Each structure stands twice: as C-alpha cells, then as structure tokens.
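# Geometric and topological summary
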Amino acid sequence: MSTEIVAERLLSAADSADPDRAARLAFRAFVALSRTADSHQMLPFLARARKAHDAVRSPRTELIYCTLAGTAATRAGLADGPDYLDKALRIFDQNAFGDDPVLVECALTAALTLMRPQEARRFAPLVDALDLAPVDRARLLALIGAGDSWAGNLVRGQAELREAVRLAALCDSLDVQAEATSWLAKCDALRGDLEEAADHLDQARELAARVGSAWVARHLPECTVALAFARGDHDAWVGLLELVVATDAGVTAGLQHEHRWELATHHALAGRPGLAATLLADVADPPASWPGGPVLPAWRAWILDPDSPATAAALTAALGKLTRPIERLLAARVAWLLGAHHGRSGRRGEAARLLEQASAGYARAGAAGLLALVLKDLRLLGGRPPTGPGGAGPAGTDPPPAPAFRVAAGRPALTDAEARVAAAIADGLSNREAAQRLFVSVKTIEFHLGNIFRKLGVRNRTELAARRARTG
C-alpha cells in the first residue's frame, strides 16, 4: 500500500482518538511517510501532534510533539529545530521511557536528526529488549545501523544495516528497505566491499522508484560518490562531487561543507586554483560545533595555498581538534590528503607520519576500502617519491596536470584524464602500472588508450612515446 495512503489513514484515525493515542498515531503517520516525503509534507503530522499536546500536556505527548516539530524544522532548514530535539531527548531521559517503542523511536530520531550518531548506540539495548513486529524492528535497526556507521563504527553498522534490509524484505516494507539499502551501499563502499556496494546501489534506486521516495533519492548521489571514491575512479568521483555540491546533497548528514571542500581540494591540487577559490567564495565556515567544524577554516586556507608550509602546519594542528566520533572518517581523510601532498613534494618524513595516522584512523573505523587506498600512497614512499608531472596522487585527487600532447589540426585535444594516461604509458608503464600510478582501474586505462591513439593518430605505445619525445 502507498505510504501516503497509510499516513492519511493514521491521521484520520487520530481525529477520533484520545489525545495520547492521537499523538502516537500522528507520529506513526510521520514514520510511514518520512522516507518518501519532502519536508513540507511533515506539517500535517506536526499540527495533529500539537493539538494532542495542547489537549493533554503529558511528557509523552510533549516528547512526540517536540520530535515532530524539531524534525520538520530541521528538514526545512529552520533554526529552532535543534531546540525542540534537545528537549525531546531530555524528556525521554528524565522519564525512563525505554519500554515504549514509539517513544524510543522518537528519541532515536531526535538524536540522529541532531547529528549525534554516536548516541544511537545507547538505544540498541532498548530495541533488543522490546517486543516488536519485524517491520518495526527493521526500521529501528536501520536507524541504529546508520548511526553506528556515521559515527565511524562501520563493522557494526554494516552488520545492523544488513539485518535491517533482510527484515524489511521479509515484511515487504519497501520504503524501509530502500532507505536501509542505500545506507548499506555507502557503508559497503567504505568497507571495501565494492561489488556489494554497486549491487545495493542498484537495489536502492529500484526500491526508491517503486515507492516514489524523494527522501532516499535525495541522498543516493552521496552514496555513489562514496563508491566512485573507493573504486579510485577519479573522473566519476569529480563529476558526482559536482552534482552533490550543486544540489546540496549530504546536508542532512552535515556533509555539504565536506563535499565542497573536497571538490575545491581536487581543483587546487590539479593546478586550478581559480576554480578552487570560486567554490569556497561566499561560503561561510560553519560553527565549530558542526561536524568537522574545527578543521574547516584551516582546510580552506590550505586549499587556497597548498604549498605554503604555514597553511599545512595549521591544518595539521587542526586535525587534533577532530575528536568526536562523527569526525573519525574526516580526520583520517584530511591526514591522508596532507600526507600524500607532502609525499609528492618530497617531504617523506611528514608524509609517512600523516599517512600512518590516516591508515590507523581508517583501521579503527573499519574502513578497509579506504585503508587499501591509503596504503598505496604509503608504498610509494618506499620507492621514488613522485614529485613530477604524472606522479601519483591520493585517491580522490588528481596529480599535477600532465604535459600536453599536440594533436593534428582538426582532431580533438586530449582531456586531462587522457593526458595523464598518455604520460604514464609514454613513460613506459604497463596498463596495470599506469592504473596503480593514477589510482584507476585497468579497464579505465584501456578505455582512455583507445581515445588517445585515435586522437593522436598513433598505432601503439612506441609511437606514443616517440610523439611525446618529438612534440610533447
């Protein structure tokens, strides 16, 4: 049955119910529609909960009202959302409502909407002890799994999300299955389970389409960004980053600044400082209480001048301020970016320290997929430091632009990606070695080589090397 029809029936039943039951029905209607609706569709639930709260000002009705008011306000970008949600959590804790499934779900929803995913863990024992229908357990387990993953406990989060998907599928609850599957896809990617991540992304897209889920559709691009990044597919990663920055995807997880800073870093390290500066212009730093807030100003300064020892030192120092569970993955990522850049610049001691810090951070979080990519940069330090054009860069960023290959009049020029591949092959690398240098797949190298040979009018690798020696 359509989630909209379910929600409408619950709201209709609330009209003839006593205030306490009416508030519960309003929250159940919200739950039914929360994974498919936009923020403006939350207002009817809020009105019903307010009516019930005004009729009987009990802690239970107030908790439900504050959760709905805070969630609706936060999704709509209003400033008073956090105050309502904080109050909801205080009411829950003061009244020991852990044996009430509706109120447990209210408090869990409030904690995640406040972007305090580490608090999801404290609700897990309560959910385990409750006598729940499978569909309700799937929904709550999905929230707890998302919280654990978000707080940097990817191993536990992945297991919980898998169980939530299984339960939702058994109950034919497509909306819960769509949401949990999309979160699982991102978790899989970070864990290095790339085939599973791709399969889950496809499933999440199909499930979202079957229920018409605006909510799931909104954050699917963020999941595809994670998969492209974990695959080392730079071209796809950059294109998807541009999409999420343009559409403000990731806002509900507090990632919109991180996405923008990542894209600006990519342009800065690829020799496009103007594009990097434009991305950051007129975008204020969030408060220090925001996820990643303590590091973002120093990261901005480094992006604008990445070769400055002063900005690098300031960003390194700021890493020590990322102490919250929600910042574990970001701390590892920034250490990785800095370490890889030091490595390309020949500062091998500082590079090794920061890359080890990044690898330890990813290991603690269970991010085996990202750890595998960091280890590639660590291994590069054991050989010749890549300091010139075509040298390896960290996954998710491009190395400095490769030298241009001149093409005959009337033929299209090589793209940046093709130029980097051409330079690597002209250096005498095999396809696999070029893939390792550029952190892409061998198939990507083969695809680009076909275009390179056609555009340059060469037949093989020997002629490509000769062309660069003669005209590059």
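Residues numbered from 1 in each chain as written. Predicted model: local features only at pLDDT ≥ 70, side-chain atom pairs only at ≥ 80, totals over all residues. Heavy atoms only, no water.

### Focus on the nonpolar core
- Counting 124 residues, the largest nonpolar core has Trp-299, Trp-302, Ile-303 and Trp-336 as the members making the most contacts within it.
- Sorting elements by how many residues they give to this core places helix H12 (residues 214–231) first, with 10 residues.
- Discounting chain neighbours no more than four positions away, the residues touching Trp-299 are Glu-258, Trp-261, Glu-262, Thr-265, Leu-315, Leu-330, Val-334 and Leu-337.
- Within the second largest apolar cluster, 18 residues are counted, among which are Ile-425, Leu-449, Val-458 and Leu-464. (Core = buried A, V, L, I, M, F, W, Y, C linked by side-chain atoms within 4.5 Å. Buried < 20%, exposed > 50% of the residue type's maximum accessible area, 1.4 Å probe, protein only. Helix = DSSP H or I, 4+ residues; strand = E, 2+ residues; numbered from the N terminus. Contact = heavy atoms within 4.5 Å.)

### A word on the environment of Arg-437
- Relative to the assigned elements, Arg-437 resides in helix H22 (residues 431–438).
- With relative accessibility at 15%, the residue Arg-437 sits in the buried group.
- Taking the C-alpha atoms as reference, Arg-437 lies 9.4 Å from Val-421; in sequence the two are 16 residues apart.

### Things to note about the packing of helix H6 (residues 101–113) against helix H8 (residues 134–150)
- Orientation of H6 relative to H8, taken along the N-to-C sense of each, is 25°, at an axis distance of 11 Å. By the angle between their axes, H6 is roughly parallel relative to H8. At the point where H6 passes H8, the crossing takes the left-handed sense. Of the residues in H8, those touching H6 at Glu-105, Leu-108, Thr-109 and Leu-112 are Arg-139, Leu-140, Leu-143, Ile-144, Gly-147 and Trp-150.
- Among the residues forming the contact of H6 with H8, the class breakdown is six nonpolar, two polar and two charged. (Axes fitted to C-alpha atoms, helices over the stretch in contact; angles between N-to-C directions. Parallel < 35°, antiparallel > 145°, perpendicular 65-115°, else oblique. Left-handed = near helix turned anticlockwise from the far one by under 90°. Nonpolar A, V, L, I, M, F, W, Y, C, P; charged D, E, K, R; others polar.)

### A short note on the packing of aromatic side chains
- For the structure on display, the rule yields six aromatic pairs.
- When the centroid spacing of 5.6 Å and the interplanar angle of 50° are considered together, the rings of Phe-229 and Trp-237 count as tilted.
- Among the aromatic residues, those joined into a ring-pair cluster are Phe-229, Trp-237, Trp-336 and Tyr-362.
- A cation over a ring is seen here: Arg-333 above Trp-336, with NZ or CZ 4.8 Å from the ring centre. (Phe/Tyr/Trp six-rings, centres within 6.5 Å; stacked < 30°, edge-to-face > 60°. Lys NZ or Arg CZ within 6 Å of the ring centre and 35° of its normal.)

### A short note on the side chain of Arg-300
- By the secondary structure assignment, Arg-300 is in helix H16 (residues 296–304).
- Not counting the four nearest positions on each side in its chain, Arg-300 is found in contact with Trp-261, Leu-280, Val-283, Ala-284 and Asp-285.

### Structural notes on the pattern of salt bridges
- Inspection of every chain in the model, using the stated rule, returns 23 salt bridges.
- When salt bridges with common partners are traced through the structure, they connect Asp-86, Asp-93, Arg-116, Glu-119 and Arg-122 into a single cluster. (Salt bridge = Lys/Arg side-chain N within 4 Å of Asp/Glu carboxyl O.)

### Some thoughts on the confidence of the model for the protein
- Residues of the protein with pLDDT of at least 70 account for 91%, and the chain-wide mean is 86.
- Contacts of residues 383–396 to residues separated by more than four positions or lying in other chains number 45 contacts, the stretch itself having pLDDT below 50.
- Of the regions scoring below 50 in pLDDT, residues 398–402 engages in 21 contacts with residues more than four places distant in sequence or in other chains. (pLDDT = per-residue confidence, 0-100.)

### Quick notes on the packing of H12 against helix H13 (residues 234–247)
- Close contact between H12 and H13 brings their axes to 9 Å; oriented N to C, the two are set at 160°. Judged by the angle between their axes, H12 and H13 are roughly antiparallel. For the pair H12 and H13, the crossing hand works out as left-handed. Mapping the contact onto sequence places Pro-221, Glu-222, Thr-224, Val-225, Ala-228 and Phe-229 in H12 and Ala-236, Trp-237, Leu-240, Leu-241, Leu-243 and Val-244 in H13.
- Residues belonging to the contact of H12 with H13 are distributed by class as follows: 10 nonpolar, one polar and one charged.

### Observations concerning the side chain of Glu-418
- Summarising the element assignment, Glu-418 is placed in helix H21 (residues 416–426).
- At a separation of 2.8 Å, a polar atom in the side chain of Glu-418 contacts the side chain of Lys-455.
- Filtering out sequence-adjacent residues up to four positions away, Glu-418 remains in contact with Ala-413, His-448, Asn-451, Ile-452 and Lys-455. (Polar contact = N/O pair within 3.5 Å; in protein donor to acceptor, adjacent residues only side chain to side chain.)

### As for unusual backbone geometry
- Unlike most non-glycine residues, Met-115 shows phi in positive territory, near 60°.
- On the secondary structure map, Met-115 appears in the loop between H6 and helix H7 (120–129).
- Look at Asp-172: it is not a glycine, yet its phi comes out positive at around 60°.
- Within the fold, Asp-172 resides in the loop between helix H9 (154–170) and helix H10 (174–191).

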